[in-house]
Amino acid sequence: MGRMDRLAPALREYGQQVRRLANSESTTEPSYYPAIRGLLAELLIHMVLPFEARASTSESRRGGGSDQPDFALYDGPGGYPVVLGEGKLPEADLKALAFSTERNNQIGRYLAQTRAVLLCNVRAFGLLTVKPGFVGNEPVPPQHRSLELVVDLWPSIEALRNGTPIVRERGEELGQLVECAATRYASIAEPESLARILARFARDAKNDLPAQFSDAVRDLLDDFGKALGISFQGPEGEEFLRSSLVQTAFYGLFAGWCIWRQGGKQQPFRWEDLPQYLRIPFLGSLFHEFQHPKRIHELRLAVHLARATEALERVDQDAFFARFQLPSLRQPAGNRASAHTSTAITYFYEPFLEAFDPNLRKELGVWYTPPEIVRYQVRRVDQLLRQELGCLRGFADDSVVVLDPCCGTGAYLVEVLRCIADQFAADGDEATLGTKLQQALSRRVLGFEILTAPFVVAQLQAYLLLAELGVQPHENHRPAIFLTNALTGWEGPDQVKLHFPELQEEHDAARGVKRSARIIVVLGNPPVQSVCQRPDPRRRATCRSL
């Protein structure tokens, strides 16, 4: 059953409710609001949009007072409205409503607050937006408004009152209208909302990739596979390649945006400038390669990255970053899970992958490990190092080399760094903490990750932790978190020749760790069962041995 087929009962229920109301002489405008809210709620569910529909709400105005929108879409369970709505009786004309200045320019005030307004006269819905170029917080005048879309569920009041069924195409168009309002115009406050919106653009980008790649792109992707120790063969391999490519692009965009914001926003954020924000050499180079005229045209990524950049522009940054804790070496007071179970950057990836490619998420075992479990496991190992292995300073001992072979977004590595920081603080050695953590991150706190998006997050967390201490990693002291397959490269050919220097450096650095590092602690939550399903017999044997 398709997505809109599942919505058919909601459309029938809406039709029955509003027909009954329209044929009653005592019906008032607010009588329709519950039915409108119910239909919008079903649309949000079936379009997989992370917003909540409410009716008869109250919102504070800038400068005092309040407005009472008839219905609205909210970001998350809190009180952050992203699209306000105005409802009228079936006799009302949506175009006249769109450009009305009645009730002290109520529609203009709504537009000033959310930049998009849903209009409804029961039998039709419209999306009203602000024309490009209008700036300011004052009510938006009619000449700066644009009635972007109108969907007529019934062609006339008579058709509504006679109970004419809503045709399938109108339901699909209404779903697209709501999706457009939420993904192209609505302000964003919740990390999960941004994750799902970016995932929607990423999915569009993946679907827009060409059926066959030219040599200019294939060389880059073949190098990518060789660096990971993966052969992209057959439909499954091709699917993994395409998914990895697009994940890299969109999570690189998110990481670059975070770094841009942290750096003081000296200039507007543009995806074309990502190489200067991304301090991960391989990733910055990859975005540079994406922008080669032939590749960017063939991959068709530019339009989708531009749309995602527009979504980032709509993020209420204060509200967004207040929703989570940035990675920190200081343990937050109270229950770490109480506010938002994790740091935003770590938390952000799971809803992104769930919305972008749920099958890949399931296959590769991408599941968020609760911070309480991570903390217990890491602290327990730290205790064992001290009590049973003679490493009296635990993870802070220079002889301890620790590897998370499937580090994901870096939760275990961050907790190890907290252990090290705690020991330095106990030693009264906080003055050199930044330098010593940088040394630990560059040579003995190691992470491997095969998926590019969580690899980007883990790297980003490392940079943010060091920045907290006033340390900027030098290119020769990069965090020892590598984009590589933990199940390959421990033996075999000494040299793998790649076309692109940054990928060659990433591969060689990871191989050097595998061949020469004296690892005494391996910890983490690897998805070995999922990886075992892949057909390589050596990997399967490695998984079984674990």
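Before reading on, note that the structure itself is shown above.
Residues numbered from 1 in each chain as written. Predicted model: local features only at pLDDT ≥ 70, side-chain atom pairs only at ≥ 80, totals over all residues. Heavy atoms only, no water.

(A) How the structure looks around the overall build of the protein. Helices and strands together make up the secondary structure of the protein, namely 24 helices and 12 strands. Within the span of the protein, comprising 546 residues, buried residues form 55% of the whole. Across the protein, the fraction of contacts at a sequence separation of at least 24, relative to all contacts at a separation of at least 6, is 71%. When the accessible surface of the protein is totalled, it reaches about 23,800 Å², and 50% of it is carbon and sulfur. (Helix = DSSP H or I, 4+ residues; strand = E, 2+ residues; numbered from the N terminus. Buried < 20%, exposed > 50% of the residue type's maximum accessible area, 1.4 Å probe, protein only. Contact = heavy atoms within 4.5 Å. Areas by Shrake-Rupley, 256 points an atom, 1.4 Å probe, with all protein chains shown as cover.)

(B) The arrangement of the nonpolar core in detail. In terms of nonpolar packing, the biggest core is built from 138 residues, with Y14, L194, F250, W257, F352, F395 and I420 touching the most fellow members. Ranked by residues supplied to this core, first place goes to helix α9 (residues 234-262) with 14 residues. Each residue touching Y14, except ones within four places of it in the same chain, is listed here: A35, I36, L39, C120, V122, F125, L153, W154 and I166. Membership of the second largest hydrophobic core comes to 17 residues, among which are I107, A112, V117 and L128. (Core = buried A, V, L, I, M, F, W, Y, C linked by side-chain atoms within 4.5 Å.)

(C) Up close: the packing of aromatic side chains. In total, this model carries 6 aromatic pairs according to the counting rule given. Ring centres of Y251 and F254 lie 5.5 Å apart, and the angle between their planes is 65°; on these two criteria the pair is classed as edge-to-face. Here F254 and Y251 lie together in helix α9, a separation of 3 residues that amounts to about one turn. Across the pair, exposure class does not vary: Y251 and F254 are buried alike. Judged by centre distance (5.8 Å) and plane angle (70°), the ring pair of W257 and F320 falls under edge-to-face. Here F320 lies in helix α14 (residues 317-322) and W257 lies in helix α9, a separation of 63 residues in the sequence. The burial state of W257 is the same as that of F320; both residues are buried. These aromatic residues form a ring-pair network of at least three members: Y251, F254, W257 and F320. (Phe/Tyr/Trp six-rings, centres within 6.5 Å; stacked < 30°, edge-to-face > 60°.)

(D) View of the environment of L299. Examined against the element boundaries, L299 turns out to sit in helix α12 (residues 293-299). Overall, the relative accessible area of 1% leaves L299 in the buried class. Taking C-alpha positions, L299 is 9.9 Å from S214, a pair spaced 85 residues apart along the chain.

(E) Layout of unusual backbone geometry. Non-glycine residue V122 carries a positive phi angle of around 75°. With respect to the helices, strands and loops of the structure, V122 is situated in the loop between β6 (116-120) and β7 (124-130). Even without being a glycine, R300 presents a positive backbone phi close to 60°. Its place among the elements puts R300 in the loop between α12 and α13 (302-313).

(F) Examining the sheet that holds strand β9 (residues 402-404) more closely. Strand order in the open sheet made by the 4 strands is β11-β10-β9-β12, with parallel pairing throughout. With one partner strand each, in any of the chains shown, β11 (481-483) and β12 (521-522) form the two edges of the open sheet. Seen against the sheet, helix α21 (residues 452-468) touches β10 (445-449) and β11 and runs at an angle of roughly 160° to β11. (Pairing = 2+ DSSP bridges. Axes fitted to C-alpha atoms, helices over the stretch in contact; angles between N-to-C directions.)

(G) Spotlight on the sheet that holds strand β1 (residues 51-55). Pairing is mixed in the open sheet, where 6 strands are placed in the order β1-β4-β5-β6-β7-β8. With one partner strand each, in any of the chains shown, β1 and β8 (145-152) form the two edges of the open sheet. When the angles between neighbouring strand axes are averaged without regard to direction, this sheet yields 20°. Relative to strand β4 (residues 71-75), β1 is paired through 5 bridges, and the arrangement is antiparallel. From the neighbouring strand, A55 faces β4, where its bridge partner is F71.

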